[in-house]
Amino acid sequence: MEKKNDKTAQDDVKHVTPTGKAMNHLLELIADVKMAMMTTQDTEGNLRSRPMQTIESSHDGVFWFFTSDHSGKAKEVDADPRVNLSYALPEKSRYVSVSGLGEIVHDLEKKKELWKPAFKAWFPEGVEDPHCALLKVYVEKAEFWDTPSSTLVEIVGFTKALLTGKTYKAGADEHQKLDFEIKGNPASKAL
């Protein structure tokens, strides 16, 4: 009987528990991306995505966004805290997917710390606006694709795959999955 090969393409992806170096790399990849697409699930089970500006992303795996506590996304996060953040910088061939748990936060000091005058367009009363809230995302997993910066290196890799008849595979540093273990995450209690 022929032995079945259970190895999949996913087995080739390097899984990493984030160290300072891995987290630094993740933050570097998204530093130049102005907007993320945030995906939540509505009460009917539909996935909904919308552009959101990441106000702060930190080495402890917490990302911050401003939102209205009356918005659809706030209600969706209250009902199901699972969120996904997608970051893309196509001109540099960088793509990042971050999944985690969201929480609506009313912390006046944190709002003041993160506030920028441009946010008055959404919250005319500033941080004192009763509906001005923060959306705090606790990162659980992240995956990135960061192809070589040299187009020549990329072309050589694709050409080699074409000539040998083998599938082109990104190198271990080009595609990684990061698994976070954040203790004391209050958003996880909602699941």
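On a predicted model such as this, the values are computed, not experimentally measured, just so you know. (Residues numbered from 1 in each chain as written. Predicted model: local features only at pLDDT ≥ 70, side-chain atom pairs only at ≥ 80, totals over all residues. Heavy atoms only, no water.)

Enquirer: Would you mind showing me how to read the environment of glycine 72 here?
Expert: Examined against the element boundaries, glycine 72 turns out to sit in helix 2 (residues 72-79). C-alpha of glycine 72 to C-alpha of threonine 40: the two residues are 32 residues apart in sequence and 9.5 Å apart in space. (Helix = DSSP H or I, 4+ residues; strand = E, 2+ residues; numbered from the N terminus.)

Enquirer: Sorry if this is basic, but what is going on with the pattern of salt bridges here?
Expert: Side chains that differ in charge, positive against negative, can pair when their charged atoms come close. Enumeration over the complete set of coordinates arrives at seven salt bridges. Put simply, glutamate 56 and lysine 110 hold a salt bridge, and the shortest N to O gap is 3.0 Å. Of this pair, glutamate 56 sits in strand 4 (residues 56-57) while lysine 110 is found in helix 3 (residues 108-114), placing the two residues 54 residues apart along the sequence. On the basis of relative accessible area, glutamate 56 is assigned to the partly exposed category, the value being 25%. A relative accessible area of 13% means that lysine 110 is categorised as buried. Aspartate 146 is the salt-bridge partner of arginine 94, the closest N and O atoms lying 3.9 Å from each other. Of the two residues, arginine 94 is situated in strand 7 (residues 94-105) and aspartate 146 in strand 8 (residues 132-146); the sequence distance between them amounts to 52 residues. (Salt bridge = Lys/Arg side-chain N within 4 Å of Asp/Glu carboxyl O. Buried < 20%, exposed > 50% of the residue type's maximum accessible area, 1.4 Å probe, protein only.)

Enquirer: I keep staring at the packing of aromatic side chains and nothing clicks. Help me out?
Expert: Each aromatic ring pair is specified by the distance between its two centres and by the angle formed by the two planes. Per the stated rule, a full pass over the model turns up four aromatic pairs. Measuring from ring centre to ring centre gives 5.5 Å for phenylalanine 66 and tryptophan 115, while their planes differ by 85°; the resulting arrangement is edge-to-face. Of the two residues, phenylalanine 66 is situated in strand 5 (residues 62-68) and tryptophan 115 in the loop between helix 3 and strand 8; the sequence distance between them amounts to 49 residues. Classification of phenylalanine 66 by relative accessible area gives buried; the value is 10%. (Phe/Tyr/Trp six-rings, centres within 6.5 Å; stacked < 30°, edge-to-face > 60°.)

Enquirer: It is not clear to me how the environment of leucine 27 should be interpreted in this structure. Could you clarify?
Expert: Inspection of the secondary structure assignment puts leucine 27 in helix 1 (residues 20-31). Residues leucine 27 and histidine 59, 32 residues apart in the sequence, show an inter-C-alpha distance of 7.9 Å. Beyond its immediate stretch of four places on either side in the chain, leucine 27 contacts Ser57, Ser58, His59 and Phe63. (Contact = heavy atoms within 4.5 Å.)

Enquirer: Whenever I open this one, helix 2 confuses me. Can you help?
Expert: Residues that lie three or four places apart on an α-helix share one face, since the helix turns once every 3.6 residues. Of the positions making up helix 2, those classed as buried are Lys73, Ala74, Glu76 and Val77. Looking straight down helix 2, one finds that the buried residues subtend no more than 165° of arc, so they occupy a single side. More than 90 degrees from the buried face of helix 2, the exposed residues found are Lys75, Asp78 and Ala79. On its buried face, helix 2 is in contact with strand 2 (36-41), strand 3 (47-52), strand 5, strand 6 (82-89), strand 7 and strand 8. (Arc of directions from axis to C-beta.)

Enquirer: It is not clear to me how the layout of surface pockets should be interpreted in this structure. Could you clarify?
Expert: Gaps between atoms show up when a probe of the same size as a water molecule is rolled over them. The volume enclosed by the largest pocket comes to roughly 290 Å³. If you list the elements that add at least two residues to the lining of the largest pocket, you get strand 3 and strand 5. Among the elements that line the lining of the largest pocket, the one with the most residues is strand 5, at three residues. Counted by class, the lining of the largest pocket contains eight nonpolar, four polar and one charged residues. (1 Å grid on protein atoms, 1.4 Å probe; cavity = no way out; pocket = protein on both sides within 12 Å on 5 of 7 lines; lining within 4 Å. Points joined across faces, edges and corners; volume = space filled by probe spheres on them. Nonpolar A, V, L, I, M, F, W, Y, C, P; charged D, E, K, R; others polar.)

Enquirer: Explain the confidence of the model for the chain to me, please; I cannot follow it from the model alone.
Expert: Should the pLDDT be low somewhere, the predicted coordinates at that spot are not to be read in detail. Within the chain, residue pLDDT values average 79, and 67% of them lie at 70 or more. Contacts for the low-pLDDT stretch residues 149-158, under 50 throughout, to residues beyond four places or in other chains number six contacts. (pLDDT = per-residue confidence, 0-100.)

Enquirer: Please explain the side chain of aspartate 42 as it appears in this structure.
Expert: In this fold, aspartate 42 is placed in the loop between strand 2 and strand 3. The buried charged residue aspartate 42 lacks any salt bridge partner; its closest oppositely charged side chain belongs to arginine 48, at an N-O distance of 5.0 Å. A distance of 2.8 Å separates a polar atom in the side chain of aspartate 42 from the backbone nitrogen of asparagine 46. Apart from residues lying up to four places away in sequence, aspartate 42 is in contact with Arg48 and Glu76. (Lys, Arg positive; Asp, Glu negative; His and termini not counted. Polar contact = N/O pair within 3.5 Å; in protein donor to acceptor, adjacent residues only side chain to side chain.)

Enquirer: Any chance you could explain the pairing of strand 5 here in plain terms?
Expert: The side chains of a regular strand alternate between both faces of the sheet. In terms of burial, strand 5 is a largely internal element, six of the seven residues being buried. Pairing analysis gives two bridges linking strand 4 to strand 5, with the strands arranged antiparallel. If you follow serine 57 over to strand 5, its bridge partner there is phenylalanine 63. In this antiparallel pair of consecutive strands, strand 4 and strand 5, the connection spans four residues, and glycine 61 shows a positive phi of 80°. (Pairing = 2+ DSSP bridges.)

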